[in-house]
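Given next are the chains, with one letter for each unit.
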Amino acid sequence: MREIALHDTRTGAVQPLEPRDPGRVGIYACGPTVYGRIHVGNARPYVVFSLLKRFLAHEGYDVTFVANVTDVNDKIYDAARAAGVPSAELAREMTEHYVADTDALGLGRPDREPRASGTIDEIVALIADLIARGHAYAVEGDVYFDVRSYPHYGELSHRQIDQMDQGEGDAEADRPALKRDPLDFALWKAQKEGEDSAWDAPWGRGRPGWHIECSAMAESLLGVGFDIHGGGSDLLFPHHENEAAQTQAARGAPLARLWMHNGMVRLDGEKMAKSVGNIFLLNEALAAHGRDALIIYFVGGHYRQPIAYSPERLEDAARSAERIREAGRRLVPGVSPPDLAELRERFFAALADDFNTPRALATVFDWVREANRRAERGETVGDADLREMLDVLALEGLLDGAPDGAGPDDAARALLAQREAARAGRDFATADRLRDELAALGWEVRDSPDGPELVPRG
């Protein structure tokens, strides 16, 4: 195994990955709150930590990747009321959309995907331990974490305690008069009128606060002191600060050894967020640009930095995917030229240095450029090195000819059938529109003796 170093938010430094259990790595990444379909910004941590798992597995580690689903939350109650449906029904529907949309990224599923609603017993037990240790208090059915009882509060986000504001609005401060201190945050919230899902607890019927859910889910599957806790930089405070504090207070040990935070996806200079209204839904972006372009777009930016979103950037990424696909047509299966091994090593060294995917991707194109030169000279070039590098980036399908490494899916075939029906009905405007939709998905319609068929564009 080569030495791998990653940036740790707590220390503010890039430091060696030193797993709790030699040869094994546990990763927990905060997943979505399922009150609506996920957008491109929500997908960034899913992509970052899915690809990190692939790299660590390539390096010989046994990796367990856990990504949770928050299906108990005030935002879900509010959205369900607005939609006129039970909150559990809305959460279930949006979870199904989330799974389908992230499946379309072609990265595989996390090893475990716990839901807050399935972790209530563990949450209640963790809260009870905090009360017993003097770090939490119950009042009128609520339970709050006593922030000032924990002297290390603020170490993760590097904030001074007297300069903090939980900043959660109604999400956690809806009964501020019950708190001993404005900075305290809710671990358990008594059921209120109009809330249609709740559970029994020693303090009364209610539901968990947001932060305690993740501490309990992570501990239940990875134990305390697991290796990497990930998520978006917008979660650093208060969510991750509160996770770290309550677990350390309850267990006397850190929740995670290393904290990784990805930068935000930005649109027109602002963070992409439902609350702002400047979102591109993931399923729409996939339909418009294809998964290969989305993956190249994400890996083209360093995970710790913000990344701008625009159709033009996705179009550039699609052209980059086509460059690799075109190069792959010139290669033959088999061992790559030995003198290109330095580029392969440079690729993996970039990933080992704080998971620098843009530098790794640039190395892929250096390899492609050199392979093209040799092919133009009539040399035979094996594809093994390129395939190995692309596999770690989940782009190996580019060498198999078809967009996304697969034949047309059911959605593409359905569009083709609709187009042919429109043509038969002489509705050529609709037929042209459907042809353009297929082109956006990476497919061209060609006539054959057996009828129209879909072939990869380019």
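This report concerns the structure included in the present document. None of these values were measured; they are calculated from a predicted model.

### Details of the packing of helix 1 (residues 40-58) against helix 8 (residues 291-299)
At a minimum axis separation of 10 Å, helix 1 and helix 8 run at an interaxial angle of 80°. If you check the angle between helix 1 and helix 8, you find them roughly perpendicular. Packed against helix 1, whose contacting residues are Val40, Ala43, Arg44, Val47 and Leu51, the element helix 8 presents Leu294, Ile295, Tyr297, Phe298 and Val299 at the interface. Class assignment of the residues belonging to the contact of helix 1 with helix 8 gives a composition of nine nonpolar, no polar and one charged.

### Focus on the packing of helix 1 against helix 12 (residues 384-392)
Two elements in contact, helix 1 and helix 12, have axes whose closest approach is 8 Å; the angle formed by their N-to-C orientations is 135°. Classified by the angle their axes make, helix 1 and helix 12 are oblique. Where helix 1 approaches helix 12, its residues Leu51, Arg54, Phe55 and His58 are matched on the opposing element by Glu388, Asp391 and Val392. Of the residues belonging to the contact of helix 1 with helix 12, the class tally is three nonpolar, one polar and three charged.

### Let's talk about unusual backbone geometry
Among all residues save glycine, negative phi is the norm, and among peptide bonds the norm is trans. A cis amide bond links Phe237 with the next residue in sequence, Pro238, at an omega value of 5°. Positionally, Pro238 belongs in helix 6 (residues 236-251). Residues other than glycine seldom take positive phi values, yet Glu140 does so here, at roughly 50°. With respect to the helices and strands, the residue Glu140 is situated in the loop between strand 5 (136-139) and strand 6 (142-145). Classification of Glu140 by relative accessible area gives exposed; the value is 60%. Phi angles above zero are rare outside glycine, and His158 is one such case at about 60°. Relative to the helices and strands, His158 is located in the loop between strand 6 and strand 7 (185-190).

### Overview of the pairing of strand 1 (residues 5-8)
Of the two faces of strand 1, the one lined by Ala5 and His7 and the one lined by Leu6 and Asp8 are each fully buried. One ladder, built from four bridges, connects strand 1 with strand 2 (residues 13-16); its direction is antiparallel. Residue pairing in the sheet places Asp8 in a bridge with Ala13 of strand 2. What sits between the antiparallel neighbours strand 1 and strand 2 is a turn of four residues, in which Gly12 has the positive phi angle 70°.

### Some points on the sheet that holds strand 4 (residues 62-67)
One open sheet accounts for four strands, arranged 4-3-9-10; its pairing is parallel. Each of the sheet's edge strands pairs with one partner strand only, and the pair in question is strand 4 and strand 10 (256-262). Shown here is a sheet whose adjacent strand axes are inclined to one another by a mean of 20°, direction ignored. Bridge analysis of strand 3 (residues 24-29) against strand 9 (residues 226-232) gives three bridges, and the strand direction is parallel. Across the sheet, the residue bridging to Ala29 is Gly230, located in strand 9.

Cut-off values and rules
Residues numbered from 1 in each chain as written. Predicted model: local features only at pLDDT ≥ 70, side-chain atom pairs only at ≥ 80, totals over all residues. Heavy atoms only, no water. Axes fitted to C-alpha atoms, helices over the stretch in contact; angles between N-to-C directions. Helix = DSSP H or I, 4+ residues; strand = E, 2+ residues; numbered from the N terminus. Parallel < 35°, antiparallel > 145°, perpendicular 65-115°, else oblique. Contact = heavy atoms within 4.5 Å. Nonpolar A, V, L, I, M, F, W, Y, C, P; charged D, E, K, R; others polar. Buried < 20%, exposed > 50% of the residue type's maximum accessible area, 1.4 Å probe, protein only. Pairing = 2+ DSSP bridges.

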